[in-house]
Amino acid sequence: MQTKASVDTVSGTKVTVVGVGQVGISIAFSIMTQGIASEMTLVDVMEDKLKGELMDLQHGLTFLDNMKITAGSDYALSAGSKLCIVTAGAQMREGESRLDLDQRNTNILKDIIPKLVQYSPDTILLIVSDPVDLLAYVAWKLSGLPKERVIGSGTNVDSSRFRFLLSERFDVAPTSIHGWIIGEHGDSSVPVWSGVDVAGVRLRDLNPAAGTSEDTENWNSIHRQVIQSAYEIIRLKGYPSWAMALSVSVLTRAILNNTRNVYAVSTFVEGIHGVQYPVFLSVPCVLGENGITDVIQQTLTEDERTQFQKSAATLNEVQSNLVF
Ligand code: NAD
């Protein structure tokens, strides 16, 4: 081969995934198969597993658009990343609440975040490790990055589960149902029933009590199913991965392609919906190449606002007891 021109070593669409457990490797696979990034680096502490996953992914490249994939425990490999996705963490144990994982995962972020920012000072951080809202806050504090560049994967996947379950009841495709779950990713998430619609026809216009305790059609059982989903998947197969991987890959696409799509992700919400604490919670956000450019402030019912504020107060209390 005769070389005609040099090849750029830093790509505008480079992604690093830290943590190649069940969730991290599913995200990497999803990004790879969708041709979203031109370069991807995988980082973990388990060298052999990394090497095996790297080989396995690379051997599939002949079937896809080409991309460069590297892997190792040295963060120098992540240099020049436009986006760093963090899925490293201790896994939720059966019966364990997400908030119980806080200090164990905070300690892991103390190790990871400064190194990512050292090699990619202008990166956008996308935190997936649980408890995601708390850890997005911790990552923001540890990174020194502007708040619009630190994002938690938040309730994007909860909203997807919600839309899927609604779609089964309406018998239309999940993409044709609009509905949002905001607030904490987990047990205290808030379903915005006032925003559920198909083609602009609002569920609340058909049934004004939908989602409330007076509702005879029991729509709120769908929200309870959303909350139970993660626990149920862990009980049945050990870990949730595929929906999460797709959820994160669409967020990745929005950032790398500057699409300005709106997704429910975890962001700094002090001052939003009456929150008085410096916490991260999910609200619909516009995503693009600079991270979160705008937050969509939905018109919430008094009950929805109260639930959102309650999650903020709980998170703030846990946050103030963290050591980092
Ligand atoms: P896993 O145990 O399979 O993988 C975790 C990986 O992190 C392991 O490969 C481990 O070696 C790595 N790791 C640990 N410490 C590290 C460090 N200091 N540096 C680099 N790598 C390190 O777990 P999983 O099922 O892939 O889940 C990962 C995280 O994602 C967990 O916190 C889990 O609770 C969370 N999760 C979040 C969501 C969500 O919706 N936000 C959904 C599913 C899982």
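Quantities reported herein were computed from a predicted structural model and do not represent experimental measurements.

What about the site of the ligand?
Here comes step 1: By nearness alone, 26 residues border the ligand, and V23, D44, T87, V128 and H185 come closest of all.
Here comes step 2: Between the ligand and D111 there is a distance of 3.1 Å, counted from a nitrogen atom to a side-chain nitrogen or oxygen.
Here comes step 3: The contact in question runs from a nitrogen atom of the ligand to an N or O atom on the backbone of V128, over 2.8 Å.
Here comes step 4: Here the ligand loses 88% of its free accessible area of 860 Å² to cover by the protein chains.
Here comes step 5: Among the secondary structure elements, those contributing two or more residues to the shell around the ligand are α1 (22-33) and α3 (102-119).

Regarding the pattern of salt bridges
Here comes step 1: Applying the stated criterion across every chain, the model contains six salt bridges.
Here comes step 2: For D205, the salt bridge identified is with R202, shortest N-O distance 3.3 Å.

Thoughts on the packing of helix α5 (residues 156-170) against helix α7 (residues 220-237)
Here comes step 1: Two elements in contact, α5 and α7, have axes whose closest approach is 9 Å; the angle formed by their N-to-C orientations is 125°. If you check the angle between α5 and α7, you find them oblique. The element α5 and its partner α7 pack so that their crossing is right-handed. On the side of α5, the interface is formed by D158, R161, F162, L165, L166 and R169, while α7 contributes S221, I222, Q225, V226, S229, A230 and I233.
Here comes step 2: Residue composition of the contact of α5 with α7, grouped by class: seven nonpolar, three polar and three charged.

With respect to the UniProt feature "domain: Lactate/malate dehydrogenase C-terminal" (unreviewed entry) in the protein
Here comes step 1: Feature annotation in UniProt assigns "domain: Lactate/malate dehydrogenase C-terminal" (unreviewed entry) to the following positions: residues 155-317.
Here comes step 2: For residues 155-317, the end-to-end C-alpha separation is 21 Å, with 42% helix and 21% strand making up the annotated structure.

Looking at the packing of helix α4 (residues 132-143) against helix α9 (residues 302-320)
Here comes step 1: Following both chains from N to C, one finds α4 and α9 inclined at 50°, their axes separated by 10 Å at the closest point. Classified by the angle between their axes, α4 and α9 sit oblique to one another. Both α4 and α9 take part in a crossing whose hand is right-handed. On α9, the residues touching D133, L134 and Y137 of α4 are L315, V318 and Q319.

Re the sheet that holds strand β7 (residues 177-178)
Here comes step 1: Taken in spatial order, the three strands make up an open sheet running β7-β10-β11, and their pairing is antiparallel. Where the open sheet ends on each side, the last strands, each with one partner, are β7 and β11 (201-202).
Here comes step 2: In this structure, strand β10 (residues 197-198) lies alongside β11, joined through two bridges in antiparallel fashion. When the bridges of β11 are listed, D197 appears paired with R202.

Conventions adopted
Chains are numbered independently. Their residues run from 1 in the order of the written sequence. Confidence filtering applies because this is a predicted model: local features only for residues at pLDDT of at least 70, side-chain atom pairs given and counted only at 80 or more, and all residues used for totals across whole chains, interfaces and linings. Each side-chain value is derived from all of the structure's non-hydrogen atoms; neither hydrogens nor water enter the calculation. Whether a residue is near a molecule or strand depends on its heavy atoms: if one lies within 4 Å, it is near. A 3.5 Å cut-off defines polar contacts: any pair of N or O atoms within that distance qualifies, except that in protein one atom must be a possible hydrogen donor and the other a possible acceptor, and neighbouring residues in sequence count only when both atoms are side-chain atoms. Areas reported here follow the Shrake-Rupley algorithm with a probe of radius 1.4 Å; residue values treat only the protein chains shown as occluding. A run of H or I in DSSP becomes a helix once it reaches four residues, and a run of E becomes a strand once it reaches two; helices and strands are each numbered from the N terminus. Any Lys or Arg side-chain nitrogen located within 4 Å of an Asp or Glu carboxyl oxygen qualifies as a salt bridge. Only the contacting stretch of a helix is used when fitting its axis, a line to C-alpha atoms as for every element, and angles between N-to-C directions run 0 to 180 degrees. Here the word oblique covers every angle except those under 35 degrees (roughly parallel), over 145 (roughly antiparallel) and from 65 to 115 (roughly perpendicular). Note: crossing handedness is left-handed where the near helix turns anticlockwise from the far helix by less than a right angle, and right-handed where it turns clockwise. By definition in these notes, contact holds between two residues if any of their heavy atoms fall within 4.5 Å. Charged means Asp, Glu, Lys or Arg here, nonpolar means Ala, Val, Leu, Ile, Met, Phe, Trp, Tyr, Cys or Pro, and polar covers whatever is left, Gly included. UniProt positions are given in the numbering used here, feature names are shortened, and annotations may be inferred rather than shown by experiment. Strand pairing is defined by DSSP finding a minimum of two bridges between the two strands.

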